[in-house]
Amino acid sequence: MSQYGKSLMIKTATNTIPTYSMSCLQILAKKIKKIDAVKRDLWWGFEEKRGTYFTSWKNLSLHKNLGGQGFRDLRVLNQSLLVRAAWRICINVYEQWVKAMQAKYFPSTSLLHASIKTNCSWAWNGIQKQVRFKKQHSRWRLGKGNKIKLWLNDWVVGMDTPPALRNGASDS
């Protein structure tokens, strides 16, 4: 099989097939390493796991414009899909699936302020692990400001924690 054919087969089988599972479940690092090993073996064509590798897998994982084959890092793909799910929960507050998640896992607050739960579904476990990443890499757009909780949200660019209330000042 040609290199193009191998590349297409590997990308189709290992990137598109597990994408749905990755969008709602955090895949174990051990499983991702196993999938990467299968990708490498398919690419190099070694059945006995012996032979010479002409370039590193890291170089093959680079984008095609940078000289690689464009194989995706499945750990990063999994994380990005879970962050996207968390973002969708924050944005689509009126959809039924979001209301169901909110009723079960964070009934009295928002996703950003929900406490970490240990006894929960696999889907929620994967999403809640990415909330911290979402908090670190997103900021509020002020607008009217009626949805921002001044003393809880990180709304000032460059600050890792919300502003503190000064002694003697009131919140009213």
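This text gives an overview of the structure that appears in the document.

So, how was this worked out
- Residues numbered from 1 in each chain as written.
- Predicted model: local features only at pLDDT ≥ 70, side-chain atom pairs only at ≥ 80, totals over all residues.
- Heavy atoms only, no water.
- Helix = DSSP H or I, 4+ residues; strand = E, 2+ residues; numbered from the N terminus.
- Buried < 20%, exposed > 50% of the residue type's maximum accessible area, 1.4 Å probe, protein only.
- Contact = heavy atoms within 4.5 Å.
- Phe/Tyr/Trp six-rings, centres within 6.5 Å; stacked < 30°, edge-to-face > 60°.
- Salt bridge = Lys/Arg side-chain N within 4 Å of Asp/Glu carboxyl O.
- Patch = residues over 30% accessible without salt bridge, like charges linked within 9 Å, V, L, I, M, F, W, Y side chains within 5 Å.
- Areas by Shrake-Rupley, 256 points an atom, 1.4 Å probe, with all protein chains shown as cover.

**Digging into the side chain of glutamine 128**
Now for step 1: Mapped onto the elements, glutamine 128 comes out in helix H7 (residues 122–129).
Now for step 2: Relative accessible area serves as the criterion here: at 7%, glutamine 128 is assigned to the buried category.
Now for step 3: Excluding residues within four positions of it along the chain, glutamine 128 makes contact with Ser115, Ile116, Lys117 and Cys120.

**Brief notes about the packing of aromatic side chains**
Now for step 1: This structure, assessed with the given rule, holds two aromatic pairs.
Now for step 2: Centre to centre, the rings of phenylalanine 106 and tryptophan 124 are 5.5 Å apart; their planes meet at 20 degrees, and the pair counts as stacked. In this pair, phenylalanine 106 sits in the loop between helix H6 (96–105) and H7 while tryptophan 124 sits in helix H7, placing the two residues 18 residues apart along the sequence.
Now for step 3: Exposure remark for phenylalanine 106: the relative accessible area of 5% places this residue in the buried category.
Now for step 4: On the accessibility criterion, tryptophan 124 (1% relative accessible area) is buried.
Now for step 5: Three or more aromatic residues joined by ring pairs form one cluster here, namely Tyr105, Phe106 and Trp124.

**Digging into the pattern of salt bridges**
Now for step 1: In this structure the tally under the stated criterion is one salt bridge.
Now for step 2: Between aspartate 36 and lysine 39 there is a salt bridge, and its shortest N-O distance comes to 3.6 Å. Taken as a pair, aspartate 36 and lysine 39 lie in helix H3 (residues 29–44) at a separation of three residues, close to a single helical turn. There is no split in this pair, since aspartate 36 and lysine 39 are both buried.

**Some details on a nonpolar patch on the surface**
Now for step 1: Where nonpolar side chains cluster on the molecular surface, the patch consists of Met1, Met9, Val38 and Leu42 and spans about 380 Å² of accessible area.
Now for step 2: Within the element layout of this structure, valine 38 appears in helix H3.
Now for step 3: Of the residues examined, valine 38 reaches a relative accessible area of 45% and is grouped as partly exposed.

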